[in-house]
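Residues per chain, in single letters:
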Amino acid sequence: MQGVIGLLVGVAAVFAFSASGWLYSPDEKVSVIEARNLVNKLVEQNFDHYNQRAIRKQITECLRDSYQYLAMSMYFDQAEVALPGFHKLFKEYSDREMSNAVKLMTYMNLREGSNKFIGIPEPKISYEWHDGETALISALRMEHKANTKFQTIIQLALEKHDPHLKQFIEDNFLDQKVKVIKELGDKVTQLGKYRSEGKGLGLQMFDNTLL
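Residues numbered from 1 in each chain as written. Predicted model: local features only at pLDDT ≥ 70, side-chain atom pairs only at ≥ 80, totals over all residues. Heavy atoms only, no water.

Caption draft 1: Spotlight on helix α7 (residues 202-210). Buried within α7 we find Gly202, Leu203, Phe206, Asp207 and Leu210. Buried residues of α7 fall within an arc of 130 degrees about the axis and therefore sit on the same side. Among the structural elements, α4 (84-110), α5 (133-159) and α6 (163-197) are those in contact with the buried residues of α7. (Buried < 20%, exposed > 50% of the residue type's maximum accessible area, 1.4 Å probe, protein only. Helix = DSSP H or I, 4+ residues; strand = E, 2+ residues; numbered from the N terminus. Arc of directions from axis to C-beta. Contact = heavy atoms within 4.5 Å.)

Caption draft 2: Spatial organisation of the pattern of salt bridges. Following the criterion strictly, the structure yields 14 salt bridges and no others. Among the ionic pairs, glutamate 97 bridges to arginine 96, the shortest N-O distance being 2.7 Å. Considered together, glutamate 97 and arginine 96 belong to a single accessibility category, that of buried residues. Note that lysine 166 and glutamate 170 form a salt bridge whose closest N and O atoms lie 2.9 Å from each other. Of this pair, lysine 166 and glutamate 170 are both found in helix α6, 4 residues apart, which corresponds to roughly one turn of the helix. Looking at lysine 166, the relative accessible area reads 23%, which means it is partly exposed. Classification of glutamate 170 by relative accessible area gives partly exposed; the value is 26%. Connected via shared salt-bridge partners are Glu61, Arg64, Asp65 and Lys149. (Salt bridge = Lys/Arg side-chain N within 4 Å of Asp/Glu carboxyl O.)

Everything listed is a geometric property; what it means functionally is a separate question.
Pasting the structure below:
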């Protein structure tokens, strides 16, 4: 028993001396810190803080859009609305925006950036969505806004000489946004045609196509 106690005391003493600097010189302490800073700089690879701030803002925007689309999806799932096609469409959009946020956060870690999480505003609920068209137009505006912000990040990446960030945004987001904008524009047009030819059942007929 005394041997075990002595061993524990010895280990504690080593840690105490280590913390006080007894096991290495002050110069060695500095070299360790410098080495860590060097590693961080190498991983950052010229990752400008303005670019990092722009990405953090876009992460928040993606999370906000995901939250908004989720609110829209749940609106159409209510018994008094009962449009399962719209519910499915906007749930997919919500999942996509959450995935976009995770992609951006993963990229920040890849470049040794700093992820910061802030509060997401409460989503807006509009009873005007019941006609379907208003909801599609709201989504179309959201996608146009997101596309513009991604283009702004690309422009900033060019200004800060960060080709990797430019390529990442182009490959993962620009093509996606252009396609979604076209998809939503088509759906607004299609819904209008169903309404004019559906004799009062146009909205339900169009909703079935979304399933």
